[in-house]
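A closer look at the structure
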Amino acid sequence: MQFTVNVQELLEGLNTVTRALAARPPKQILEGVLIEADEEGITLTCSDGSLTIETALCADVREEGRAVLPGKLFTELCRKLPGGEVTIKVGDNHMASIRCMSFKSNLAGMNPVEYPEMASVDAGATVQIPQKQLREMISRVVFAIATDESRQILTGCLLEVTASEARLVALDGFRLAIQKVVKDFELPAGTETLKAVIPGRVLNELSKILADDEEDCALLIDKTRMQAKFGNTKLSTVLLAGEYIDYRRILPASFKTVVKADRVGVQSAIDRASLMAREGKNNLIRMSMNGETLAITSNAELGDVLEELDATLTGDPIEIAFNAKYITDVIRNITDDELCMHFNSNVSPCVVSPIDGDQYLYLILPVRVFS
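Heads up: these notes are all about the structure in this document. Predicted model, so just to flag it, every value in this text is computed and none were measured.

1. Here's the deal with the overall build of the protein chain
Counting its regular elements, the protein chain contains six helices and 25 strands. Burial analysis of the protein chain (371 residues in total) assigns 50% to the buried set. Counted over contacts in the protein chain with a minimum sequence separation of 6, partners at least 24 positions apart contribute 67%. One finds the centroid of the 38 positive side-chain charges in the protein chain at a distance of 5 Å from the centroid of its 53 negative side-chain charges.

2. Concerning the sheet that holds strand β24 (residues 350–352)
The 12 strands lie next to each other as β14-β11-β12-β13-β25-β24-β23-β18-β21-β20-β19-β22, forming an open sheet whose pairing is antiparallel. Looking at strand neighbours, the two that pair on one side only are β14 (194–199) and β22 (318–323), the edges of this open sheet. Recorded for the sheet is a direction-independent mean angle of 25 degrees between the axes of neighbouring strands. Where strand β20 (residues 293–300) and strand β21 (residues 303–315) come together, eight bridges link them in antiparallel fashion.

3. Digging into the pairing of strand β9 (residues 103–108)
Note: strand β8 (residues 95–100) against β9, six bridges, orientation antiparallel. Bridged to Ser-97 within β9 is Asn-106. The loop that links β8 with its antiparallel partner β9 comprises two residues; one of these, Met-101, has a positive phi angle of about 55 degrees.

4. Concerning helix α6 (residues 324–331)
Burial within α6 is extensive, with seven of its eight residues counted as buried. Where α6 is concerned, the buried positions are Ala-324, Tyr-326, Ile-327, Thr-328, Asp-329, Val-330 and Ile-331. The opening residue of α6, the one whose side-chain oxygen lies 2.9 Å from the backbone nitrogen of Lys-325, is Asn-323.

5. So, the pattern of salt bridges
Evaluated as defined, the whole model comprises 18 salt bridges. Between Asp-60 and Arg-62 there is a salt bridge; the shortest N-O distance is 3.2 Å. The class of Arg-62 is exposed, set by a relative accessible area of 57%. A salt bridge links Arg-332 to Asp-329; its shortest N-O distance comes to 3.1 Å. With relative accessibility at 51%, the residue Arg-332 sits in the exposed group. Each of Asp-172, Arg-175, Lys-325, Asp-329 and Arg-332 takes part in a single network of salt bridges with overlapping partners.

6. What to know about the side chain of Glu-307
Tracing the backbone through its elements, the reader meets Glu-307 in strand β21. A polar contact is formed between the side chain of Glu-307 and the side chain of Arg-272, at a distance of 2.7 Å. Discounting chain neighbours no more than four positions away, the residues touching Glu-307 are Ala-269, Arg-272, Leu-294, Ala-295 and Ile-296.

Cut-offs and rules
- Residues numbered from 1 in each chain as written.
- Predicted model: local features only at pLDDT ≥ 70, side-chain atom pairs only at ≥ 80, totals over all residues.
- Heavy atoms only, no water.
- Helix = DSSP H or I, 4+ residues; strand = E, 2+ residues; numbered from the N terminus.
- Buried < 20%, exposed > 50% of the residue type's maximum accessible area, 1.4 Å probe, protein only.
- Contact = heavy atoms within 4.5 Å.
- Lys, Arg positive; Asp, Glu negative; His and termini not counted.
- Charge placed at Lys NZ, Arg CZ, Asp CG, Glu CD.
- Pairing = 2+ DSSP bridges.
- Axes fitted to C-alpha atoms, helices over the stretch in contact; angles between N-to-C directions.
- Polar contact = N/O pair within 3.5 Å; in protein donor to acceptor, adjacent residues only side chain to side chain.
- Salt bridge = Lys/Arg side-chain N within 4 Å of Asp/Glu carboxyl O.

Structure representation (structure tokens):
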């Protein structure tokens, strides 16, 4: 195999596919990047056995073939190349010769025959969402995906699609996050709602390689796998098996108290109160809402913080406590000018949603305190 390719384009391709490499791969061959060269160019592929990412690049191919090179080392070598174009030639002994301007290197590869065939998604339902919109949706729910493997289904994110909307739902037992996009989707005949639970790590990596543009990302979903296609890149993953929690049963139907306040002001006040909260035993902040004032406080052995903000309260006054991290994670993912919080009591969940519309919803469990 022999080809010549632009160094920067090769590095960008490697940065994309090596996101699929595992820290401890189940097989040594999966430490490598599979390079396939044909008349159309080259294709790079990396996998950890369940997640696979591949991308196609334009290249001047002199000799077609396949090779597997050490993924991390090859990427670091390419990162240090002087620029321009690089020529890579791989012989029958799997040794790669790398030439770029005055730079020369030989890199031992592995037998590509040992690289496992990756399962493909050839049939199923297709969901198309603009890459920029999908990336934003993912980034605003991933923080609520559980990391505790004892409830594996919650280490994934629920994708739920109907004929008129698609939503992502994440839940870790303390917070719930929902992001929604409203548009028309074509579902298979007889299917009212398409559901898939995507591993959290996969969504994290997908959000990092999606482009910041309006070109669609096509999600092809069957019963056990999902494939995302965008630009010259394909990502394929195994879906999590099992039934996701019926999150709708968790959402309160009505509220006794609604508080509206400047979102930037509340976020800044919580950030400041969190500095003191971190010094305490429970990382707590308290919010007290009465009349036209929202008071945010935190206490620790080293001192305390109090900040009062203008707010609009509808309903009953309330005083409630939260883990500072949990409420901070929610508010930093909201871009609206005004923050709208809904309450029933100081021991029931707080719901944060837009004043107009329902493109997002966050639920946060409070902390029961005894004062």
